Amino acid sequence: MFSKEDNILRLKDASRAMEICNACRYCETLCPVFPQITQFRTFDKPTLNYLSNLCHNCKGCFHGCQYAPPHEFDLNIPKTFSELRVDSYIQYAFPNILGKLFAKNGTVVSILIAVCIGLLFIVGTYFNSADSLFTAYEGKGSFFKVIPYEIMTLVSGLIFFHVIIAFIVGFRRFWTENGDKMSELKDLSLWKYAMGAAATLKHLDGGDNGHGCNHIDDRFGHSRKWFHHAVMYGFILTLISTTLAAIYHHFLGLHAPYDFDSLVVITGTLGGILMVIGCIGLTYIKIKADPIPISQKLLGMDYSFIAMLALVNITGLLLLVFREGAWMPSLLCIHLGFVLAFFLMMPYCKFVHLLYRLGALLKYAKYVRNN
């Protein structure tokens with residue numbers, strides 16, 4: 001996505017910008033980045049990686065900056081930090097070679113979806129018959145008549161452990177890059193601050209004034225924060241639904257599909273609807289946003305990530321509606337294909353910003369604690 005020369009120039013430009021901001025300090029009340037930079041006199045790559053992941057891309061510093069374009073200093077912190085963040089995702093990815101998938105993100109996502117869906121159709125056909133993909137099934141365990149239970153469990157289990165390992169290694173690389181010790185994470189006060197800020201998206205409030213972000217232009221607003229909330233809490237609800245379904249199946253002997261008034265269906269449906277609403281809202285904001293503080297090179301990755309999230313949930317909701325009809329087997333394969341592709345990409349797509357932003361908030365919590 002970026003050449004080696006681009007990366008070197010970007011680091012020099014980011015360091016120059018931070019030195020100017022450190023002298024100016026006009027934005028000190030906008031977000032944690034600006035009070036944090038006062039602790040540094042020089043800005044090396046690990047420090048810039050940390051600061052770029054602490055940035056919530058609210059763009060308040062761009063619209064409030066007297067040195068932003070067309071000033072000759074040409075400071076554009078949101079654009080520079082968004083590109084540094086993506087560089088850091090590639091750097092921390094495990095295994096490293098998969099981190100390079102970021103360079104062709106949109107293409108890779110499309111290929112993964114196609115391969116996963118194709119494989120599921122093949123599996124469904126192989127273990128049953130071609131007609132079974134267009135046959136109505138009823139009753140408990142009907143999903144496993146399309147995709148055998150053993151195949152579904154084995155594939156999802158392997159992907160789950162891969163994602164967990166990739167997240168742990170990536171987080172460790174991020175956390176220790178500045179010399180921080182893993183043992184420091186035992187301090188519960190750091191988690192209290194970081195989880196509180198993450199759960200409320202505190203730093204999308206626009207700083208001390210609380211007037212929100214400049215997500216479209218120089219006007220302030222909270223819509224980006226609310227759409228992010230919809231996606232985040234929708235995702236949590238779908239995780240709860242999936243966990244409950246696993247408990248029902250493995251410990252209570254209750255097999256899917258579940259009744260419409262069961263907790264599995266209620267939490268999954270609410271989560272899916274929230275995520276679709278959030279994805280539509282975030283897409284609208286991106287389309288309407290001022291292009292200057294946005295890295296145009298990263299828009300493809302942003303749109304493909306939002307589209308993937310939306311498609312996972314739209315196909316899940318369609319499967320819920322048509323689960324007793326002849327389209328159920330095909331919809332099940334398509335939905336599982338999107339889910340499979342999404343989980344495969346989680347450590348290597350924009351989803352990891354959740355992990356590293358939480359890590360940055362934990363680092364910032366140390367600054368808050370000590371000051």
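Only a predicted model underlies this, so the values are computations on that prediction, with no experimental measurement involved. (Residues numbered from 1 in each chain as written. Predicted model: local features only at pLDDT ≥ 70, side-chain atom pairs only at ≥ 80, totals over all residues. Heavy atoms only, no water.)

*Asks:* Is there a simple way to explain empty space enclosed by the protein in this structure?
*Replies:* Over the atoms, a rolled probe matching the size of one water molecule traces out where space is still vacant. The full count for this structure, using the stated rule, is five cavities of 30 Å³ or more. Of the pockets and cavities examined, the largest cavity occupies roughly 100 Å³. In terms of lining residues, the largest cavity is bounded by 14 residues, among which Cys31, Cys55, Asn57, Cys58 and Cys61 are the most central. When contributions to the lining of the largest cavity are tallied by element, the ones reaching two or more residues are α2 (33-37) and α5 (77-92). Of the residues forming the lining of the largest cavity, the biggest block, three residues, is contributed by α5. (1 Å grid on protein atoms, 1.4 Å probe; cavity = no way out; pocket = protein on both sides within 12 Å on 5 of 7 lines; lining within 4 Å. Points joined across faces, edges and corners; volume = space filled by probe spheres on them. Helix = DSSP H or I, 4+ residues; strand = E, 2+ residues; numbered from the N terminus.)

*Asks:* Whenever I open this one, the UniProt feature "transmembrane region" (unreviewed entry) in the protein confuses me. Can you help?
*Replies:* In the numbering used here, UniProt assigns the "transmembrane region" (unreviewed entry) feature to residues 108-127, 147-171, 230-251, 263-285, 305-322 and 328-348. Structurally, residues 305-322 is divided into 94% helix and 0% strand, and its ends, taken at the C-alpha atoms, are 26 Å apart. Secondary structure within residues 328-348 divides into 86% helix and 0% strand; the distance between the first and last C-alpha atoms comes to 31 Å. (UniProt positions renumbered as here; feature names shortened; annotations may be inferred.)

*Asks:* Quick question: what am I supposed to make of the domain arrangement of the protein here?
*Replies:* Many descriptions give the size of an interface as the accessible area lost when the pieces come together. Each assigned domain of the protein is listed here: domain 1 (4-91) and domain 2 (95-370). The C-alpha centroid of domain 2 is placed 28 Å from the C-alpha centroid of domain 1. Taken together, the contact between domain 1 and domain 2 spans 32 residues of the former and 36 residues of the latter. With both chains or domains summed, domain 1 and domain 2 bury close to 3100 Å², and 61% of this area falls on carbon and sulfur atoms. Together, His56, His63 and Tyr89 form the three largest contributors to the area buried by domain 1 at its contact with domain 2, with a combined 23%. (Domains from an automatic or database assignment. Contact = heavy atoms within 4.5 Å. Buried area = accessible area lost by both parts, 1.4 Å probe.)

*Asks:* Explain the packing of helix α12 (residues 299-321) against helix α13 (residues 328-345) to me, please; I cannot follow it from the model alone.
*Replies:* Pairs of packed helices are described in terms of their axes, by the angle between the two and the distance that separates them. With their axes 9 Å apart at the nearest point, α12 and α13 run at an angle of 150° to one another. Taken together, α12 and α13 sit at an angle that is classed as roughly antiparallel. α12 and α13 meet at a crossing whose hand is left-handed. On α13, the residues touching Phe305, Met308, Leu309, Leu311, Val312, Thr315, Gly316, Leu318 and Leu319 of α12 are Met328, Leu331, Leu332, Ile334, His335, Phe338, Val339, Ala341 and Phe342. Looking at the contact of α12 with α13, its residues break down into 15 nonpolar, three polar and no charged. (Axes fitted to C-alpha atoms, helices over the stretch in contact; angles between N-to-C directions. Parallel < 35°, antiparallel > 145°, perpendicular 65-115°, else oblique. Left-handed = near helix turned anticlockwise from the far one by under 90°. Nonpolar A, V, L, I, M, F, W, Y, C, P; charged D, E, K, R; others polar.)

*Asks:* Which parts of the structure should I look at to understand the packing of helix α3 (residues 45-54) against α5?
*Replies:* Two elements in contact, α3 and α5, have axes whose closest approach is 9 Å; the angle formed by their N-to-C orientations is 115°. Considering the angle they form, α3 stands roughly perpendicular to α5. With respect to the hand of their crossing, α3 and α5 are arranged in left-handed fashion. Here Lys45, Leu48, Asn49, Leu51, Ser52 and Asn53 of α3 come into contact with α5, specifically with Phe81, Leu84, Arg85, Ser88, Tyr89, Gln91 and Tyr92.

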